[in-house]
Amino acid sequence: MKNIEELIQKAAELQANGLVTGQIANELNVSRDTVTWLLMRGKRGAEAPAPKDISVNWSAIGKNSFRLRYISQALCDMVLESLDENDQMADMVVGIGLSGVPMATMIAEELGADFSIFHGYDSQKERNKNTGIFSRNFGHVEGKNCIIVDDVVSSGSTITDVIEQIKKSGSNPVAIAVIIDKKNSETISGVPVNSLIKLARVD
């Protein structure tokens, strides 16, 4: 996206196609608050101050399986280093749908680990209930040491939900792997964050 007007237009298009706030936020790699602001500004031309956020477009990586494999290998290398430092092992890789799934698949293959998919919440109502779920069609996390994989950390709420549900299942979240961490986190809910890029605001 080149500017705010393009983001506003894209958010409106996604909403017109039936996507809800959480889905639009995932697609644009911005927070839900930013999506709300974009949609309001697009409809009313509101001049309310924009949320402090950064839009991330990593489609140059995502559209190319060769690049995506190398990014996944770099993340895998970072996670292995983190696990070694903390004297831990992993036998399950959890990809957060949709954008974390391709990298999680490749990391699981590299590690010889099982693979699971977590479907996050899409609406504010679901968000309040923390109703994300693990897909039944893939590996089960029960009793596993889990690496959580996503593309971007914005607020960290989805990853926090995954961590809570992994713990409720009697399993152990041991590492988080993302391309970009917009929160500049060392940990989320006590789980180490491994990111290729950490963003830090200076204002």
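Coordinates for the structure precede this section.
Residues numbered from 1 in each chain as written. Predicted model: local features only at pLDDT ≥ 70, side-chain atom pairs only at ≥ 80, totals over all residues. Heavy atoms only, no water.

Asker: Would you take a moment to explain the environment of Ile163 for this structure?
Answerer: Residue position: Ile163 is located in helix H8 (residues 157–168). Excluding residues within four positions of it along the chain, Ile163 makes contact with Ile148, Pro173, Ile176, Ile188, Ser189 and Val191. (Helix = DSSP H or I, 4+ residues; strand = E, 2+ residues; numbered from the N terminus. Contact = heavy atoms within 4.5 Å.)

Asker: Sorry if this is basic, but what is going on with the side chain of Asp181 here?
Answerer: Along the chain, the position of Asp181 falls in strand E5 (residues 172–181). Residue class for Asp181 comes out buried when judged on its relative accessible area of 0%. A polar contact of 3.4 Å, which involves the side chain of Asp181, links it to the side chain of Lys198. Apart from residues lying up to four places away in sequence, Asp181 is in contact with Val153, Val193, Ser195, Ile197, Lys198 and Leu199. (Buried < 20%, exposed > 50% of the residue type's maximum accessible area, 1.4 Å probe, protein only. Polar contact = N/O pair within 3.5 Å; in protein donor to acceptor, adjacent residues only side chain to side chain.)

Asker: What should I look at first to understand the pattern of salt bridges in this one?
Answerer: Here the idea is simple: oppositely charged side chains can pair when their charged atoms come close. The tally for this structure, following the rule as stated, stands at 5 salt bridges. For Lys182, the salt bridge goes to Asp53, with nearest N and O atoms at 2.7 Å. Residue Lys182 is located in the loop between E5 and strand E6 (187–188), and its partner Asp53 is located in the loop between helix H3 (32–44) and helix H4 (59–62); the two are separated by 129 residues in the primary sequence. Classification of Asp53 as partly exposed rests on a relative accessible area of 22%. The shortest N-O distance in the salt bridge between Lys144 and Asp114 comes to 2.9 Å. With a gap of 30 residues between them, Lys144 in the loop between strand E3 (133–134) and strand E4 (145–153) and Asp114 in strand E2 (residues 114–119) connect regions that are remote in the sequence. (Salt bridge = Lys/Arg side-chain N within 4 Å of Asp/Glu carboxyl O.)

Asker: How should the sheet that holds strand E1 (residues 92–97) be read in this particular structure?
Answerer: Hydrogen bonds along the backbone pair up the strands of a sheet, which may run parallel or antiparallel. Across the sheet, which stays open at both edges, the 7 strands sit in the order E3-E2-E1-E4-E5-E7-E6 with mixed pairing between neighbours. The sheet is open, and its two edges are formed by E3 and E6, each paired on a single side. In this structure, E1 lies alongside E4, joined through 4 bridges in parallel fashion. Counted as the bridge partner of Val94 is Ile148 from E4. Running at roughly 165 degrees to E5, H8 makes contact with E1, E2, E3, E4, E5, E6 and strand E7 (191–198) of the sheet. (Pairing = 2+ DSSP bridges. Axes fitted to C-alpha atoms, helices over the stretch in contact; angles between N-to-C directions.)

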